[in-house]
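# Notes for the structure review
Chain residues, written in single-letter form:
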Amino acid sequence: MAELDSGCMACGFIGGDRSLAGGTLLRTACWVVQHSIGPLGLGTLAVMPVRHVVHVAELTGSESAELGPLLQRTSAAVTTVMQPEQVYVCLWSHAGAVPGHLHFLVQPACRDDMTRYDAYGPVLQLAMSEANRLPGQTAIEDVCARLKAVLGT
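Residues numbered from 1 in each chain as written. Predicted model: local features only at pLDDT ≥ 70, side-chain atom pairs only at ≥ 80, totals over all residues. Heavy atoms only, no water.

### A closer look at the sheet that holds strand S4 (residues 86–95)
Definition in use: When DSSP finds at least two bridges between two strands, those strands are taken to pair. By definition, any uninterrupted DSSP run of H or I lasting at least four residues is a helix, any uninterrupted run of E lasting at least two residues is a strand, and each is numbered from the N terminus. For helices, the axis comes from a line fit to the C-alpha atoms of the stretch in contact; other axes are also lines fit to C-alpha atoms, and the angle between any two N-to-C directions lies between 0 and 180 degrees. Residue contacts follow a heavy-atom distance rule, with two residues in contact if any of their heavy atoms lie within 4.5 Å.
Within the open sheet, the 5 strands sit side by side as S1-S2-S3-S5-S4. Their pairing is antiparallel. Only two strands of the sheet have a single partner each, and these edge strands are strand S1 (24–27) and S4. Neighbour-to-neighbour, the strand axes of the sheet open up by a mean angle of 25°, direction not taken into account. Examined bridge by bridge, strand S2 (residues 31–35) and strand S3 (residues 45–49) share 5 bridges and lie antiparallel to one another. Opposite Gln-34, over in S3, you have Ala-46 as the bridge partner. Running at roughly 60° to S4, helix H4 (residues 121–131) makes contact with S4 and strand S5 (98–109) of the sheet. Strands in contact with helix H5 (residues 137–151) are S1, S2 and S3; relative to S1, the strand with the most contacts, it is inclined by about 25°.

Shown next, in the form of structure tokens:
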């Protein structure tokens, strides 16, 4: 088993110590894909290294080699299932102003959200974060089942 940090929320989800709506969508040798727990909308996925990593500079050669193809594959699945205008891919790694478990968010940017929040890009993410509207567990389970089918897991 890869190195996990018992105090890290992401490690808890990766290690199965914490339950997560939708469960694990995809697991490779180095990465895990799960639905985001934050307010960035239905179909927003977190792509996280299996081991506890805080900085991109700390990724191993194997982790780095898997990352690009995995982000493309995950983005393609989000595009197929969510039908967004664009898919945002961004790095997030702070928890309480302290660098935490590295994760890339793969977020569908849908016209309905852009209209609702009158924003796009980073401003859309900020508006969604401030509104703090979390998708319901049933909706997450449904979209995750569809994503798993597209991802082939």
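### Side note on the environment of Val-81
Note the threshold: A simple rule labels every residue: compare its accessible area, found with a 1.4 Å probe on the protein chains alone, to the largest value its type can have, and call it buried under 20%, exposed over 50%, or partly exposed in between.
Within the secondary structure, Val-81 sits in helix H2 (residues 61–82). Residue classification places Val-81 among the buried residues on the basis of a relative accessible area of 12%. Separated by 66 residues in sequence, Val-81 and Leu-147 place their C-alpha atoms 6.4 Å apart. Apart from residues lying up to four places away in sequence, Val-81 is in contact with Val-143, Arg-146, Leu-147 and Val-150.

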